[in-house]
Amino acid sequence: MNVCGKSRRAGRVCMVLLFFLPWAHIVACLPGVHATEGGAWLARVGASVDVLQRHYYHRSTGLWDCVPLAADRAVNIPFTGTWWNCAVTLRAVLDVMALTGNHSLAHEVATAWDLTGMEEALHLRTAGLDDLEWWAVAWTRAVEVTGDRRYLRRATTYFAVVAAHWDEKCAGGVHKTRSVASDKNAITNELFVELALRLHDLTAGGIGPSNISYQDWARRAWEWFRVSSLVDVETHLVLDGLSQSCVSEGSAVWTYNQGVVLGAAWRLHAAQPGDAEPLGTALRIADAALLHLVDCQGVLREQCEETSCDHNGQQFKGIFATHLAEFTVYLHGLGPPFAERGKAFADFLLLNA
């Protein structure tokens, strides 16, 4: 199936990887859930990575077809992605390393760290806050997979930058950009919760900005998100953002917003297992996505596919699938009745792989 609509270049290859990878993750982590041959899926993942590295990786930048801000600006390289897309790609490469046990790409991870310092310094001043969060999540994943804790430094720095843009407009939440006039949207706040919980784990319950623990930052942001009207009370789908008047009416619905929130929710439940609310919210959102965002054959669709998805929209479905796979594995670990719910999500991922 054409999971990318009219996507091209690295966006398409990474998108394919992001769809093969979740199912390979299910097969590897939940043997017996399906009779699918796990080796075949791992082979598809490996082939996608091989194409990604051979055709779209630039040694001069340590990245995959990202729009540069400074490095190699004068070099005639046909960059087609954007900054956050490369963070998602790096995260996918790290997931492949974790899944396969093959750390041959560890050098590329270290190169990305070394060569993106100047770029990320510029983005600290200019980019959307969600861009910083995507990179921070990727660097936390690098710590988890490689054990190299130097990557943690940027993750904590970026979290502090984002946390500084929490205010009481719309009764809380972080802005999507550095401007106090900017809206507050779903993805920036979903990522904020997920990142806070990742840092909670990596710092052994450490203290974040404003002398607030990372776990408390996560809980604070989750509680705001839950009552913010970003989740439609009728469809249970996550809406894209709030207007200047703090309402979500008419806001777009994107698949990746339905996915990232699952990663935030299950991590919050893992940190506070006595609180069932995040898990219940996540299950309603996942069910809603599988009900409302698919075609008549049960295949996930993005609203932009009616025309043409840009390089951002091309990765949304893969991001959803990645987070749904992680959520599925978490549900399986909880046992009945959650494992049975996870089985339905695994079936969906197989259909869409």
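The text that follows walks through the structure, step by step, so that each part is easy to find. (Residues numbered from 1 in each chain as written. Predicted model: local features only at pLDDT ≥ 70, side-chain atom pairs only at ≥ 80, totals over all residues. Heavy atoms only, no water.)

1. Things to note about the state of the cysteines
Logical step 1: Scanning all chains against the criterion turns up 2 disulfides.
Logical step 2: Note on cysteine connectivity: Cys170 is disulfide-linked to Cys246, with sulfurs 2.0 Å apart. Taking the torsion about the S-S bond as the criterion, the Cys170 to Cys246 disulfide, at about -85°, is left-handed. Taken together, the residues Cys170 in the loop between α7 (152-163) and α8 (186-202) and Cys246 in the loop between α9 (214-227) and α10 (255-271) connect sequence positions 76 residues apart.
Logical step 3: Judged by its relative accessible area of 17%, Cys170 falls in the buried class. (Disulfide = S-S within 2.5 Å. Helix = DSSP H or I, 4+ residues; strand = E, 2+ residues; numbered from the N terminus. Buried < 20%, exposed > 50% of the residue type's maximum accessible area, 1.4 Å probe, protein only.)

2. Things to note about the pattern of salt bridges
Logical step 1: Tallied over the full model, the rule gives 21 salt bridges.
Logical step 2: The partner of Glu144 in a salt bridge is Arg198, and the shortest N-O contact between them spans 3.2 Å. Taken together, the positions of Glu144 in helix α6 (residues 129-146) and Arg198 in helix α8 put the pair 54 residues apart, joining distant regions of the chain.
Logical step 3: Judged by relative accessible area, Glu144 falls into the partly exposed class, the value being 37%.
Logical step 4: A salt bridge links Glu305 to Lys317, with the shortest nitrogen-to-oxygen separation between them at 2.8 Å. In this pair, Glu305 sits in the loop between α11 (277-292) and α12 (313-334) while Lys317 sits in helix α12, placing the two residues 12 residues apart along the sequence. (Salt bridge = Lys/Arg side-chain N within 4 Å of Asp/Glu carboxyl O.)

3. Quick word on α11
Logical step 1: For α11, spanning 16 residues, the distance from its first C-alpha to its last is 22 Å, which sits close to the expected 22 Å at 1.5 Å a residue.
Logical step 2: For α11, the set of buried residues is Pro278, Leu279, Thr281, Ala282, Leu283, Ile285, Ala286, Ala288 and Ala289. (Expected span 1.5 Å × (residues − 1).)

4. Regarding unusual backbone geometry
Comment: phi is negative for the bulk of residues other than glycine, and the bulk of peptide bonds are trans.
Logical step 1: Of note, the bond from Pro336 into Pro337 is cis; its omega dihedral lies within 30 degrees of zero at 0°.
Logical step 2: Relative to the assigned elements, Pro337 resides in the loop between α12 and α13 (338-352).
Logical step 3: Despite not being glycine, Ala204 shows a phi value in the positive range, around 55°.
Logical step 4: Inspection of the secondary structure assignment puts Ala204 in the loop between α8 and α9.
Logical step 5: One non-glycine residue, Asn211, lies in the positive phi region at around 60°.
Logical step 6: If you trace the backbone, Asn211 turns up in the loop between α8 and α9.

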